[in-house]
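Observations on chain architecture
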Amino acid sequence: MFNEENRENRTAYILFLTAAMLAFVILLWSGNLRFEARTESLVDGPSPVNFSEGWTLTQEGVETGIISMPHKSGAAPNVPVTMSKKLPDTGFDDYAICFHTAFSSVEVRVGDRLLYRYNSDGMRPSGKATPNHWNMVQIPPDCAGQTIAVTLRSPYRVSSGVLSPVWLGAPLKLTSYLLRQYIPQMMVCGVFMILGLAIFVSSFYLRSLLEDVCTVRCLGIFVVLASLWMVNEVEFPGFIWDFGYTMTMARYILSMICPLPYLFYLMHRFPREYQPALRRLSYMFSANFFILNILHLTNVADFMETAWVTHTCYAVMFLALLLIIVKRFRRERPLGAYFKLECAGMALMAVSLGAEIVLYYQMDYMRNGNYLRSGLFGYIACLFAALLMDTRHKREETARIGRELQDSRLRLMISQIQPHFIYNTLSSIRTLIKLDPDRAYNLVYDFSKYLRANIDSIGQGGMIPFAQELEHIRNYCNIEKVRFGDKLALVYEIGPDGFEVPPLTVQPLVENAIKHGIRGKNGDGTVKVSTFEDEHSYMVEVLDDGAGFDPAAGVPKTSAGLENIRLRLQEIAGACLEINSIPGKGTRAIVRIPKQG
């Protein structure tokens, strides 16, 4: 998620999100406590009592027995189901019964007197069923001691004759009781929504720190959509929040599109070989969304009737993800803690979603969304734990690579100033002192600067301007020019030079070109150093027309630290080294340094 240069910032990022989430939780929790205390002090009337025992069930005009709520009669679609019970003998000036229905029209009567009717026929633009609803039925005082009958009718078998527990009490007391039941669930949904928005928004402000911005954005969108889905799973009383049809539509639509940002997130997280399978899963959910919406809007089959299709898509997705995870566990070794914890979170999500689907078909509205909230919390907790563990691992890895780079710089410096090179240079100086004192003076200057650059490179862990590396190259070549004379020609074609390179990465390439290319050739030779650029990279080329070598046989063992050079280029600059050679023709080495930003 974070690029290599900013691994250390992940802990601060996670702590920021955690602190924001905890602050939001504390504010909501304190507000909820104040709300509960205030409603209890302001609302008068009898407290709610459970009125769910001793109801008489009647189907198709036949009494089938005494039942207790919640109850599911298993009636056929569109067959009315009636539950009746005698009201308390002592009435109150202000009291009501309250119960929840699932996709059912409702009529409540006392004798022939109609007290309440709930039916959305003629008010909904599409679909066959009345949305889920909390029904608050005001009971007149003169109905005390009489029998109240609740009649339900649903077009679906799964919801036909399903009735929740029934509560009796003052309307405001009932409202207060239901709010206390559902506000904590809404608080949890709000926390997830704030977290998702924080993740999404942070992807715009932390682009320089992030390795893949799309991964973070897709994760943020998924958490936001999942939290909206959970909000709609909360069966908030319609007499408080009267958006029953809209929330029912949103519940089904969000269940169809929630997997898409999650699959996009996995496409960025998983290796490339698994991306075709993840793309096919995204195509499946996209097709599911468009087809089911068309069927619903044209009244061919509404969302309730086609919900099994979406549930089947979820089963296919989790089966495919299970196969991908098993394949990765079998083929990839070693597996990091990040991947293992993410797999654990995915398993929690799969189990929680499976439990939600079971509750859906059981019409267990009171627990709807609880498992989904728990699964999402577990998944995010696993991701955060994985990020923290990965941060620790990366910190240790960075320290190890730093030690290796330090060792490689030391080994490379030692390889650059072998005793025979120092002896040969000093011998040349000794000779020139008598023959050409001015050249001897310049040679001592070049040699001292060469030695100083090599020694200074031991303590340099970062980058240096290319101009500084070029000066080191010139000092070295001036020394070798004294030894080789006219046999060695040096050409510099320097284009762009306003970039940086790790120290002692280009000069050893020039050294190899002279020692193994020109010295191994019969006759004169030329070494050319040039720079150029394209849209993405700066390039430094070292070209010689010397002896060359057979690439199939590998680089000569006496070459100066090429593996060390590759390591340092990659770890310090994210650069790469390319070497091509033709025996008898020469060798071409190119360093590609990516442009920043």
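Below you will find a few notes about this structure. (Residues numbered from 1 in each chain as written. Predicted model: local features only at pLDDT ≥ 70, side-chain atom pairs only at ≥ 80, totals over all residues. Heavy atoms only, no water.)

Structural notes on the side chain of Lys 85
Applicable threshold: Elements are defined by DSSP. Helices are runs of H or I of four residues or more, strands are runs of E of two residues or more, and each kind is numbered from the N terminus. Partly exposed residues are those whose accessible area sits between 20% and 50% of the maximum for their type, while under 20% is buried and over 50% is exposed, using a 1.4 Å probe and protein chains only. In this count, Lys and Arg are taken as positive residues and Asp and Glu as negative ones, while His and the chain termini are left out. A side-chain nitrogen of Lys or Arg and a carboxyl oxygen of Asp or Glu constitute a salt bridge if their distance falls within 4 Å. Nitrogen and oxygen atoms within 3.5 Å of one another constitute a polar contact, given that in protein one can donate a hydrogen and the other can accept it, and given that sequence-neighbouring residues count only through two side-chain atoms. Note on contacts: a residue pair qualifies if any of its non-hydrogen atoms lie within 4.5 Å across the two residues.
Within the secondary structure, Lys 85 is located in strand β5 (residues 81-86). For the buried Lys 85, which has no salt bridge, the nearest side chain bearing the opposite charge is Glu 53, at an N-O separation of 7.4 Å. Within the structure, the side chain of Lys 85 is placed 2.5 Å from the backbone oxygen of Glu 53, a separation counted as a polar contact. Discounting residues that sit within four places of it in the chain, Lys 85 has contacts with Phe 51, Glu 53, Gly 54, Trp 55, Gln 146, Thr 147 and Ile 148.

A closer look at the pattern of salt bridges
In total, this model carries ten salt bridges according to the counting rule given. Between Glu 511 and Lys 515 there is a salt bridge, with the nearest N and O atoms lying 2.8 Å from each other. Of this pair, Glu 511 and Lys 515 both sit in helix α13 (residues 507-518), separated by four residues, roughly a single helical turn. Two residues, Glu 578 and Arg 592, come together in a salt bridge whose shortest N-O distance is 2.8 Å. With a gap of 14 residues between them, Glu 578 in strand β18 (residues 576-582) and Arg 592 in strand β19 (residues 586-594) connect regions that are remote in the sequence. On the accessibility criterion, Glu 578 (30% relative accessible area) is partly exposed. Taking relative accessible area as the criterion, Arg 592 reaches 26% and is therefore assigned partly exposed. Here the residues in one salt-bridge network are Glu 107, Arg 109 and Arg 117, joined through shared partners.

Considering the sheet that holds strand β14 (residues 488-493)
Keep this limit in mind: By the convention used here, strands pair only if DSSP detects at least 2 bridges between them. Only the stretch in contact is used when fitting a helix axis, every axis being a line fitted to C-alpha atoms; angles between N-to-C directions are given from 0 to 180 degrees.
Here five strands make up an open sheet; going across it, the order is β14-β16-β17-β19-β18 and the pairing mixed. Two strands in the sheet have a free side with no partner beyond their single neighbour: β14 and β18. For this sheet the average axis-to-axis angle between neighbouring strands, irrespective of direction, equals 10°. Across seven bridges, the pairing between strand β16 (residues 525-533) and strand β17 (residues 537-544) is antiparallel. When the sheet's bridge partners are listed, Val 527 is paired in β17 with Asp 544.

Re the environment of Ala 385
Among the structural elements, Ala 385 can be located in helix α9 (residues 370-416). Exposure remark for Ala 385: the relative accessible area of 28% places this residue in the partly exposed category. Distance from Ala 385 to Glu 342, taken between C-alpha atoms, is 9.3 Å for residues 43 residues apart in sequence.

Quick notes on the pairing of strand β3 (residues 62-67)
Examined bridge by bridge, strand β2 (residues 55-59) and β3 share five bridges and lie antiparallel to one another. By the bridge assignment, Leu 57 is partnered in β3 with Gly 65. The antiparallel hairpin formed by β2 and β3 contains two residues in its connecting segment, where Glu 60 sits at a positive phi of about 50°.

Remarks on helix α12 (residues 466-484)
Going by this rule: What a helix is expected to span follows from its residue count: subtract one and scale by 1.5 Å.
Relative to the 27 Å expected for 19 residues at 1.5 Å per residue, α12 spans 26 Å between its end C-alpha atoms, a close match to the ideal helical length. All of the buried residues in α12 are Phe 466, Glu 469, Leu 470, His 472, Ile 473, Asn 475, Tyr 476, Cys 477, Ile 479, Glu 480 and Phe 484. Note on α12: the residue one or two positions beyond its end, Gly 485, has a positive phi of about 65°.

Observations regarding the side chain of Ser 164
Along the polypeptide, Ser 164 turns up in the loop between β11 (162-163) and β12 (167-169). The exposure class assigned to Ser 164 is buried, which follows from its relative accessible area of 3%. A distance of 2.7 Å separates the side chain of Ser 164 from the backbone nitrogen of His 100, its partner in a polar contact.

Details of the packing of aromatic side chains
Counted only if it meets this: Any pair of Phe, Tyr and Trp rings, taking the six-membered ring for Trp, is counted once the centres come within 6.5 Å. Such a pair is stacked with planes under 30 degrees apart, edge-to-face with planes over 60 apart, and tilted for the rest. A ring is scored as having a charge over it whenever the NZ atom of a lysine or the CZ atom of an arginine sits within 6 Å of its centre and within 35 degrees of its normal.
Counted according to the given criterion, the structure contains 13 aromatic pairs. Considering the side-chain rings of Trp 167 and Tyr 177, the 4.8 Å spacing of their centres and the 45° angle between planes classify their relative orientation as tilted. With a gap of ten residues between them, Trp 167 in strand β12 and Tyr 177 in helix α2 (residues 171-205) connect regions that are remote in the sequence. Note on Trp 167: relative accessible area 17%, which makes it buried. Each residue in the set Phe 222, Tyr 262, Tyr 265 and Tyr 379 is aromatic and connected to the rest through ring pairs, giving one cluster. Here the basic side chain of Arg 328 rests over the ring of Phe 270, its NZ or CZ set 4.9 Å away from the ring centre. Over the ring of Tyr 492 we find Arg 474; its NZ or CZ atom is 4.2 Å from the centre of that ring.

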